[in-house]
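Results of the structural survey
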Amino acid sequence: MSGFEYIVQQIVNAVSLGSLYALVAVGLSIVFGVLRLTNFAHGDVMMVGAFTTVLLNALGLPFVPAMAAGVVGAALAGFLIERIAYRPVRDAPDVTRLLTSLAVTYILENLGILLFTSSPRNFPLPAILNESWQLSGGAITFTNINLLTIALTFVSLLLLGWFITRTTTGLGMRAAAEDMPAAQLVGLDVNRLIIVAFLVASAYAGIAGVLWAAQAGVVQPQMGFTPLLKAFVAAIIGGFGSIAGALLGGYVLGALEIFIVAFLPSSVSSYRDAIVFSILIAFLLVRPGGLLKPNREIKL
Amino acid sequence: MPEAAIPLLHIDSLEVRFGAVRALKGVSMDVRQGEVVALVGANGAGKSTTLRTISGLSRPRSGSITFAGASIGGRPPPQIVRLGIAHSPEGRRLFGALTVAENLRLGACTRTDRAKIAADTERLFALFPILKQRWRQLAGTLSGGEQQQLALARALMAKPRLLLLDEPSLGVAPLLVRQIFDALGELKRQGVTMLLVEQNIKLALELADRAYVLRTGSVALSGSSAELRDSDRVAQAYLGAAE
Amino acid sequence: MSGDWRIPLVLLAVCVLAAAVAYGAPHVLSDYFVRIILLIALNSILVLSLSLSNGFTGVFSLGHVGFIGAGAYVSGILSIPVQQKMALLPHLPSFLHWFSLPFLPATVVAGLFTAILAVIVGYPLMRLSGYFVSVATMGFLIIVNVVLINASDFTRGARTFTGVPLETTLPWVFAWLGVTLFVLARLVYSPFGRSMKAVRDDTIAASAVGIGVLRARLIAFVIGAFFSGVGGSLYAHYLGSFSPNTFYFAMMINLIAMLVLGGMESLTGALVGVVCVSILSELLRSVERGFTFAGITVPALFGASQIVLGFVFILIMIFRPKGIMGDRELTFGLAARSARARKRREEQNA
């Protein structure tokens, strides 16, 4: 395998991984934007999406409709979480709301364990998705899952782009993220915007959950934990609350992780997550507004 | 009672508290249809609080606000916008990451008469031609004066029966202040009812028909602009001397 | 200041009672109850160490479990008997092979180690506020976890770390709990404690009147980390064997639930929280294993107890966000009495 092909292969991997991070991070940023809430339960919404898909598929629904149902299920879960747990603490201090979201995570993960046990189950991937393509005589390989991940991310992000720049509700969400009282003064119904934000963010978590499970080949109740933490990093690198920032952060993080693993010696790359979270801390300290935003004064 | 005698906005003994602080201590005032009323006073006198309570951002502790016959005190802001009150807040509060076009579109978000929105936008261009040039530009990149014009235009997009204006001259270059007050004068001629908070008393009294002078949460003085312009009691009210 | 004569008497009584429980309980109670008492006392140390920064200075750290884990491993490495060290940790730097520390010095060294770690970590992080500091300290926890898993020369990596002598007995835990309570109470109810709370309640005003915000936060963070390290050492010597994931998010959520439930602006509140959550989860756990009642067999529902705890947590957040105790202390009327006595004396003097 030549150096060039190796690099192309790593780029494919980075885009695929980055797409997943971007999908999760976008949802986190949407919710943070309108609500100033660090939503730990977002990872569990991914889990709901993946499990719904598995369950309905096991009950005989073909894969694609089961997946669509998974996305709807995730959106519904997000809606319920907002309605039951977050709305009553909406005006509470940051920490109270952060703790509430931790409690929701705790409940959902244990509910998953109660219903499905903590052992991983197979994700029923149609055979066609497991097929892979080989270029340059096998030096570059990508599976249909990689392609599906990239394509689905691309399509859903285009849709999101249309939503937040062309519809009044989408514009309203961005307006509320920037200045909630001003959004109220022009007559935007904040309650409705928050519900829409949760539906949209959770649907994206659902898509990400299904794709994550498809790549891993298994589902389990704690599956959302790692992608959630990574998506936090991605969202903060890009600028927490900014949708474009979350996208950028997702791909930057995907590229960074692949780079660490592919090009650094294993004695360093086994510390990948430590490096990633050190970068998160560095961003919080030095550039809390993220890559896209100028520094805001949020210290002390 | 004849129709004209019923004020469009009637505020009666309005009291607002922030924790232990009484920001408004029983303010009463009227704004009649087609009138421009100025609200002047020193910093912290309660001018902005009055506007914020009318538009629903602050809740009254007691007292009543009646708009076009409906009691609106304590209702949420979107409902109040739908009833016909638009509030252009202090510091403009534009959506800086959105374009001029998008800001204006959100200004009209409570309206359902889509066909007329485009026509109203055209009419606003006549009043604020700069907005047409800046149409696709992000609001955050505009100059102070341009931003203030956009803030006014955004409020007007709601087609309000009453326009609340908080410090339209704040952070605007002196040359442009004149231009903005000319635009407000034009709006007045078109029959827009306004309640105006303004630090620049001279400009405010030029534009307004009547004025209320607030001091530490109560109305210290009120009367026609002409009366207040010629009396030195306004200055006294500012300085806290006895009336 | 001569306080109420009853206070030293009551403190003495508490000490005697604690000693009686510590030495008597294992003879009277079953192992199960002794274990619960021990865990309550141990978790009290951990929750108290958390309360200093999270409750009293308003820096809500999600990373304290990182200090607990670091303390557990440091103490474990130091106190594994020399003859076993070679077999369990063959790649340790040789100077660590030569000796093995007794329980008490190992615990103190663990505490000092985590305190120093807290200075290094806290110096930059204590500049942050709100969710920024929470997310950053969570990052610290993850970094500690990654290091524990990868520094396998010291920690055996993701494999079970074992061979730590089981020395954590009731008297040890009670003694350390006493020290923790004493130090924290002196600190929290001192002028410095007042400046910590001022920082929490209004950072800008506090810095305006000349309180060193960074200094107050850092001191609270470091002292909290010291007792986290001590608690980690006690935990290590209680469990005997553990792995990096023993000290991770599950433990963090458990400790935070205790802290928040009891009321994180009160020392006795933290204790109330530990007792409530411990008893509740023990009760729920026995229900969870499945039981037969009136001829109906309820099957085992693993995870159900955590779900109930989670809902209790959310209800507390909604209806009593400052916890059961809020910022009041449980003094059994003593503080009020001594205050009354002081007032009486002052009136007589006047």
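Predicted model only: the values in this text are computed from it and were never measured. (Residues numbered from 1 in each chain as written. Chains lettered and ligands numbered in written order. Predicted model: local features only at pLDDT ≥ 70, side-chain atom pairs only at ≥ 80, totals over all residues. Heavy atoms only, no water.)

Before going further, it helps to spend a moment on the overall build of chain A. For chain A, the helix and strand inventory stands at 13 helices and four strands. Against the globule reference of 19 Å for 300 residues, chain A gives a C-alpha radius of gyration of 19 Å, in line with a compact fold. Each of the three principal axes of chain A carries a C-alpha extent, and together these read 60 × 50 × 35 Å. The proportion of buried residues among the 300 residues of chain A is 59%. Considering only intrachain contacts with a sequence separation of at least 6, the fraction spanning at least 24 residues in chain A is 73%. Counting only carbon and sulfur atoms, one obtains 68% of the accessible surface of chain A, whose full area is about 11300 Å². Side chains of chain A carry 15 positive and 13 negative charges; the gap between the two charge centres is 5 Å. (Helix = DSSP H or I, 4+ residues; strand = E, 2+ residues; numbered from the N terminus. Rg over C-alpha atoms; globule rule 2.2 N^0.38 Å. Buried < 20%, exposed > 50% of the residue type's maximum accessible area, 1.4 Å probe, protein only. Contact = heavy atoms within 4.5 Å. Areas by Shrake-Rupley, 256 points an atom, 1.4 Å probe, with all protein chains shown as cover. Lys, Arg positive; Asp, Glu negative; His and termini not counted. Charge placed at Lys NZ, Arg CZ, Asp CG, Glu CD.)

On to the UniProt feature "transmembrane region" (unreviewed entry) in chain A, then. All names here are of chain A. Per the UniProt annotation, the sites labelled "transmembrane region" (unreviewed entry) are residues 20-38, 98-119, 139-164, 193-214, 234-262 and 274-292. A distance of 28 Å separates the end C-alpha atoms of residues 98-119, which is 86% helix and 0% strand. Along residues 139-164, the helical share is 81% and the strand share 15%, with 40 Å between the first and last C-alpha atoms. (UniProt positions renumbered as here; feature names shortened; annotations may be inferred.)

Once that is clear, we can look at the interface of chain C and chain A. By a frequent convention, interface size equals the accessible area lost on bringing the separate parts together. Across the boundary between the two partners, chain C contributes 47 residues, which contact 41 residues of chain A. Together chain C and chain A conceal approximately 3800 Å² of surface at their shared face, both sides included; 85% is due to carbon and sulfur atoms. Applying the counting rule to chain C against chain A returns zero salt bridges. There are one residue pair in polar contact (both at pLDDT 80 or more) connecting chain C and chain A. (Buried area = accessible area lost by both parts, 1.4 Å probe. Salt bridge = Lys/Arg side-chain N within 4 Å of Asp/Glu carboxyl O. Polar contact = N/O pair within 3.5 Å; in protein donor to acceptor, adjacent residues only side chain to side chain.)

Look at helix α7 (residues 168-178) of chain A against helix α3 (residues 100-107) of chain B: their axes get within 10 Å of each other, and the N-to-C directions meet at 105 degrees. Looking at the two axes, α7(A) sits roughly perpendicular to α3(B). On the side of α7(A), the interface is formed by Thr168(A), Leu171(A), Gly172(A), Arg174(A) and Ala175(A), while α3(B) contributes Glu102(B), Arg105(B) and Leu106(B). Class assignment of the residues belonging to the contact of α7(A) with α3(B) gives a composition of three nonpolar, two polar and three charged. (Axes fitted to C-alpha atoms, helices over the stretch in contact; angles between N-to-C directions. Parallel < 35°, antiparallel > 145°, perpendicular 65-115°, else oblique. Nonpolar A, V, L, I, M, F, W, Y, C, P; charged D, E, K, R; others polar.)

Attention now goes to the sheet that holds strand β10 (residues 218-224) of chain B. All names here are of chain B. Read from one edge of the open sheet, six strands run β6-β7-β8-β3-β9-β10, paired in mixed fashion. Every other strand in the sheet has two partners, leaving β6 (85-88) and β10 as the edge strands with one partner each. For this sheet, the mean inter-axis angle between neighbouring strands, taken without regard to orientation, is 15 degrees. Against the sheet, helix α7 (residues 174-189) makes contact with β3 (36-41), β7 (162-166) and β8 (194-197), and its axis sits at roughly 155 degrees relative to β8, the strand it touches most. (Pairing = 2+ DSSP bridges.)

As a further point, take the arrangement of the chains. Contacts are most numerous between chains A and C, considering all two pairs of chains that are in contact. What separates chain B from chain C at the closest point of their C-alpha atoms is a distance of 15 Å, and the two make no contact.

Taken as a whole, this structure holds 24 salt bridges over all chains when the rule is applied. Residue Arg134(B) pairs with Glu146(B) through a salt bridge whose shortest N-O separation is 2.9 Å. Here the residue Arg134(B) occupies a position in the loop between α5 (129-133) and α6 (144-156), and Glu146(B) occupies one in helix α6, the gap between them amounting to twelve residues. Residue classification places Glu146(B) among the buried positions, given a relative accessible area of 12%. With its nearest N and O atoms 3.5 Å apart, the salt bridge here joins Lys202(B) to Glu206(B). One end of the pair, Lys202(B), and the other, Glu206(B), are both in helix α8 (residues 201-207), four residues apart, so they sit about a helical turn from each other. Taking relative accessible area as the criterion, Lys202(B) reaches 61% and is therefore assigned exposed. Overall, the relative accessible area of 42% leaves Glu206(B) in the partly exposed class. One continuous salt-bridge network, built from bridges that share partners, spans Lys230(A), Glu257(A), Arg272(A) and Asp273(A).

All right, on to the interface of chain B and chain A then. With 21 residues of chain B at the interface, the matching set in chain A holds 19 residues. Along the contact surface separating chain B from chain A lie one salt bridge. With its nearest N and O atoms 2.6 Å apart, the salt bridge here joins Arg93(B) to Asp179(A). Every element with two or more residues in the side of chain B that touches chain A is listed here: α2 (77-83) and α3 of chain B. When its residues are assigned to classes, the side of chain B that touches chain A shows eleven nonpolar, five polar and five charged.

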